[in-house]
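# A closer look at the structure
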Amino acid sequence: MKIDPNSSADLSVQIAQAIKDAIISGELIVDERLPSEAELSDHFQVSRPTVREALKRLAAQSLIRTQRGASGGAFVNRLSFEDAYAQQVTTSTLLLSMNEVSFDTACEARYALERACAPLSAERRSADHLATMRAEIFRQGQPGLTDVAFCASDVAFHRALVDGARNPVLSYQLAGAVEAMQPLMNMITFTARDRAVITGLHTRIADAIEAGDGGAAAAGLQDLECETRKLASDVFAARAQR
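Conventions used here
Residues numbered from 1 in each chain as written. Predicted model: local features only at pLDDT ≥ 70, side-chain atom pairs only at ≥ 80, totals over all residues. Heavy atoms only, no water. Core = buried A, V, L, I, M, F, W, Y, C linked by side-chain atoms within 4.5 Å. Buried < 20%, exposed > 50% of the residue type's maximum accessible area, 1.4 Å probe, protein only. Helix = DSSP H or I, 4+ residues; strand = E, 2+ residues; numbered from the N terminus. Contact = heavy atoms within 4.5 Å. UniProt positions renumbered as here; feature names shortened; annotations may be inferred. Phe/Tyr/Trp six-rings, centres within 6.5 Å; stacked < 30°, edge-to-face > 60°. Lys NZ or Arg CZ within 6 Å of the ring centre and 35° of its normal.

Turning to the nonpolar core, a few remarks are in order. Ranked by internal contacts, the top residues of the largest apolar core, which has 34 residues, are Met 133, Phe 157, Leu 174, Met 185, Ile 205, Ile 209 and Leu 224. Every element with two or more residues in this core is listed here: α5 (103-124), α6 (127-140), α7 (147-163), α8 (168-189), α9 (195-211) and α10 (214-240). Those residues within four positions of Leu 174 in sequence are excluded, and the remaining contacts are Arg 110, Leu 113, Glu 114, Cys 117, Arg 159, Val 162 and Glu 179. In terms of nonpolar packing, the next biggest core, distinct from the first, is built from 19 residues, Ile 19, Leu 28, Leu 63 and Ile 64 among them.

Written out as structure tokens, the structure is:
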């Protein structure tokens, strides 16, 4: 593990990256104890506070965990897909909000990814996945449901569809698309949409998933995308006339 002391990059960032690279390459394996702060300080020729800051960066990424006591120290963590979901959602949300990503671009990506899950979900979904989809459809039809609650239910419905594919890599990739993009799209379109239309499309999709018809589920998602794009177009046109 090496750093470049002549680089303009922060030393703690370099150290964190060097350790991260060692974990990714397999030089450091899961549950292996990292050298102590003093040993890392000597190895990288930096102060212990600098090493401590690097370890904090790694812990924030869930790459290491710390244990107290005589047998304690910093250990390489086993990162699960579930642990990484929150970071994926946060990163996707920041990327969308801080960069000029058009609505059409976000919409295209989000539905293209979910349509890829539809055939797998139709084939592999469990009773619990389908029950969640049905429960959210019922919730969406309740009078008095707030826009925020409808949005949350919308996300939960699509999350269940994606998770029904039973592919953790797809679920991880779609975490950002569904839980970051969907709320942003809802914020734009909620003032113009007809909930009954959305709920009807959700029902079509759930019926197809229950019947094991992945093609029909994908077609339902395609129609939902068209409806979402139409709503957004109407909203943007109305804003332009103000």
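Turning our eyes to something else, we now look at the UniProt feature "domain: HTH gntR-type" (unreviewed entry) in the protein chain. As recorded in UniProt, the sites labelled "domain: HTH gntR-type" (unreviewed entry) are residues 9-79. What you have in residues 9-79 is 51% helix and 11% strand, and the ends, taken at the C-alpha atoms, are 27 Å apart.

One non-glycine residue, Asp 31, lies in the positive phi region at around 75°. Positioned with a positive phi, Arg 166 is a non-glycine residue whose angle comes to about 55°. The residue Arg 166 is located in the loop between α7 and α8 in this model.

Now for the packing of aromatic side chains. In total, this model carries one aromatic pair according to the counting rule given. Where Phe 103 meets Phe 236, the ring centres are 6.0 Å apart and the plane angle is 80°; that geometry is what we call edge-to-face. Of this pair, Phe 103 sits in helix α5 while Phe 236 sits in helix α10; the two residues are 133 residues apart in sequence, bridging distant segments of the chain. A relative accessible area of 10% places Phe 103 in the buried class. Since its relative accessible area comes to 35%, Phe 236 is described here as partly exposed. The ring of Tyr 111 has Arg 110 sitting right over it, with the charged end atom 4.4 Å from the ring centre.

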